[in-house]
Amino acid sequence: MAAWTWRFEKADGTEVQPAVEPEEFTTQGDAESWIGEQWKALLAGGADQVRLYEDATEIYGPMSLHADES
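This section reports on the structure supplied with the text. Worth saying up front: this structure is predicted, and the values here are computed from it rather than measured.

Across its 17 residues, helix α1 (residues 28-44) extends 24 Å between first and last C-alpha, which sits within 8% of the 24 Å expected from 1.5 Å per residue. Maximum bend of α1: about 60°, positioned at Gln38. All of the buried residues along α1 are Ala31, Trp34, Ile35 and Leu42. For α1, the secondary structure elements touched by its buried residues are β1 (4-9), β2 (49-54) and β3 (57-64). Positioned one or two residues after α1, Gly46 has a phi angle of 115°, which is positive.

Counting 13 residues, the largest nonpolar core has Trp6, Phe8, Trp34 and Ile35 as the members making the most contacts within it. At the level of secondary structure, the elements contributing two or more residues to this core comprise β1, α1 and β2. At 4 residues, α1 tops the list of elements feeding residues into this core. Among all residues touching Ile35, those that are not within four sequence positions of it are Trp6, Phe8, Leu42, Val50 and Met63.

Cut-offs applied
The residue numbers shown here count from 1 along each chain, following its written sequence. Where totals are concerned, whole chains, interfaces and linings use all residues; where local detail is concerned, this predicted model gives features only for residues with pLDDT of at least 70, and gives and counts side-chain atom pairs only at 80 or more. Only hydrogens and water are removed before side-chain values are computed, so all heavy atoms of the structure are retained for them. Strands are runs of DSSP state E lasting at least two residues, helices are runs of H or I lasting at least four, and both sets are numbered from the N terminus onward. Helix span, as expected, comes to 1.5 Å for every residue beyond the first. Bend, in this description, refers to the angle at a residue between axes fitted to the seven residues ending there and the seven starting there. Accessible area is worked out with a 1.4 Å probe on protein chains only. A residue is then buried under 20% of its type maximum, exposed over 50%, and partly exposed in between. Every residue pair with non-hydrogen atoms within 4.5 Å of one another is taken to be in contact. Buried Ala, Val, Leu, Ile, Met, Phe, Trp, Tyr and Cys residues that are joined via side-chain atoms within 4.5 Å together make up what is termed a nonpolar core.

Right under this line is the structure:
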């Protein structure tokens, strides 16, 4: 079964430890729901962006955790 995981990064792509420890998710929807609930805490803890992986394959990213400032 596939495992969906997040990678947490600074704006320059450097990996950082997340302020909220994620689990391994069994579906993309579960992973996306979790990030939707935790993004503010992750941002406050020093992560600027995230990447979503299915096993070792990057699905998308980087996705900024900063609110749209337009």
